[in-house]
Amino acid sequence: MRLVRCKYSIKILSLTLSLIFAVASFSFGMSASAKSTSELNEEKEEIQSEIDEAQSKIDELEEEQNDTEEYLSALQSKINLLQDKLDTLEDSKSALEAEIDAVEDKIEQTEADIEETQNEIDEKQAEFDEKYELYCQRLRAMYMSGSASTLEVLLTCTDMSTMLTRSQMVKSVSEQDSEALDELMTIMEEIETQKEELEVKRNELSEDKESLESDKQELQASIDEIDESKAELDAEVEECNALMEELSSQTSEYMELIETNEDALEEIENEIRAAALAAAAAASSSSSSSGSGSISGSTGSGSGQLSYPTDSRTISAGYPNYSSGGYHGGIDFPVSTGSNVYAAASGTVILVKYLTYSYGYYVMIDHGDGLSTLYAHNSQILVSVGDTVTQGQVIAKSGSTGNSTGPHCHFEVRVNGSRVNPLNYL
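Now for a quick tour of the structure. (Residues numbered from 1 in each chain as written. Predicted model: local features only at pLDDT ≥ 70, side-chain atom pairs only at ≥ 80, totals over all residues. Heavy atoms only, no water.)

**Regarding the sheet that holds strand E2 (residues 340-342)**
Part 1 of the argument: Spatially, E2-E8-E6 is the arrangement adopted by the three strands of the open sheet, whose pairing is antiparallel. Either end of the sheet is taken by a strand with one partner, and the two such strands are E2 and strand E6 (380-381).
Part 2 of the argument: Sheet topology note: the E6/strand E8 (residues 394-397) ladder contains two bridges and is antiparallel. Looking at E8, one finds that Gln380 is bridged to Lys397. (Pairing = 2+ DSSP bridges. Helix = DSSP H or I, 4+ residues; strand = E, 2+ residues; numbered from the N terminus.)

See below:
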């Protein structure tokens, strides 16, 4: 914004100087060719008109700039909401997938139970058919032989011994028939019971399959919504990043472009925190054994012991927000590509990364007492992990790698891995 104002202030100054020059010319040319009052008034009015036009243009640009930043802030808010929506949809998708897996397992088990029950029914039916056929054969044989009644069998006996023997035989045959019939009835009842169970399981299976189909449709709808939301998010991010680049071209404020890969960003942040905490733990261990754990020139208390990381002292974007309101975890120094990037204090290099996104090429230095500094978006890195560096040593060359709208040094100060305001330390 300051750059835009400066540009048009220069134009106003130029127009004002033109007016002064015109008045001076008038005074100088009085003897040669005097201008009338009306001509001078017309000339002054013409110049004032140009001044007013220039100011109007400035006001218009400022209004457009404010609108753009307000629109950018609204876009960033929408992007955050879309990301929250995607997270919710992904959770819903995972829950549906788990439910579908459970229903499919239940269907598989029910189908196995149905098959087992059907096999048992088939076996019992075969047993029933066999016994029933034998029973029917006996009845047919008795019918075909014209078997007499029990009374006739007994009356035809010639003596008591024969009668008793025949009576026992009749009783035995009767009991055998009765047992055979009872067994047949028992088997039939078992078959009927199992058929009822089978019908219940088939109904359950049908309901589970309907539930599965419903869940699959819901899952597909969720996937479609995720795809639509991702497409919308990508479109909004693309527009937001384009606006950031446009703002960066109009002002000296360079911004980190939006990266939607939350997992990748979280991985970077976790790695940075882990490196910082590991360095602090190592320093603490060293302090216990040697009595000193701080690197010369370092501090974790914010007492202003860090030097500037670039030759430029101009800050294009501060901590913790851009002018548009978006979060900014450090401060930015706008410098041309290839400019020197210096270690803000003595320390040990604990991270060197060459990313095509996020911080791009970045370096992290541990200064002891839990204090570390990070330098991002470099075009070159001149140190390696484990190197000991001194305050003011050139550690990198500035650039615009990763998600960046222009060449600058993104500088962060962290205490135990957490970002703090760098201005408290410079």
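That shown, we press on.
**Focus: unusual backbone geometry**
Apart from glycine, the bulk of residues carry a negative phi angle, and the bulk of peptide bonds sit in the trans form.
Part 1 of the argument: Backbone torsion omega between Tyr319 and Pro320 reads 5°, so that peptide bond is classified as cis.
Part 2 of the argument: Mapped onto the secondary structure, Pro320 falls in the loop between helix H5 (262-290) and strand E1 (331-334).
Part 3 of the argument: Despite not being glycine, Asp369 shows a phi value in the positive range, around 55°.
Part 4 of the argument: With respect to the helices, strands and loops of the structure, Asp369 is situated in the loop between strand E4 (361-368) and strand E5 (371-378).
Part 5 of the argument: One non-glycine residue, Asn416, lies in positive phi territory at about 55°.

**A word on the pattern of salt bridges**
When charged atoms on two side chains of opposite charge get close, those side chains can pair.
Part 1 of the argument: The full count for this structure, using the stated rule, is ten salt bridges.
Part 2 of the argument: Between Arg414 and Glu412 there is a salt bridge whose closest N-O contact spans 3.0 Å.
Part 3 of the argument: Classification of Arg414 as buried rests on a relative accessible area of 0%.
Part 4 of the argument: Of the residues examined, Glu412 reaches a relative accessible area of 1% and is grouped as buried.
Part 5 of the argument: Here Arg419 and Glu412 are joined by a salt bridge, their closest N and O atoms 3.4 Å apart. (Salt bridge = Lys/Arg side-chain N within 4 Å of Asp/Glu carboxyl O. Buried < 20%, exposed > 50% of the residue type's maximum accessible area, 1.4 Å probe, protein only.)

**A short note on the pairing of strand E9 (residues 408-415)**
Part 1 of the argument: Within E9, seven of the eight residues are buried, which leaves the element mostly enclosed by the surrounding structure.
Part 2 of the argument: Note that E1 and E9 share four bridges and pair antiparallel. Bridged to Pro334 within E9 is His408.
Part 3 of the argument: Two elements, E5 and E9, share six bridges in a ladder whose sense is antiparallel. Across the sheet, Leu371 pairs through a bridge with Val415, a residue of E9.
Part 4 of the argument: Summarising the sheet, E9 and strand E10 (residues 418-420) pair through three bridges and their orientation is antiparallel. Residue pairing for E10: Val415 is matched across the bridge by Ser418.
Part 5 of the argument: The loop that links E9 with its antiparallel partner E10 comprises two residues; one of these, Asn416, has a positive phi angle of about 55°.

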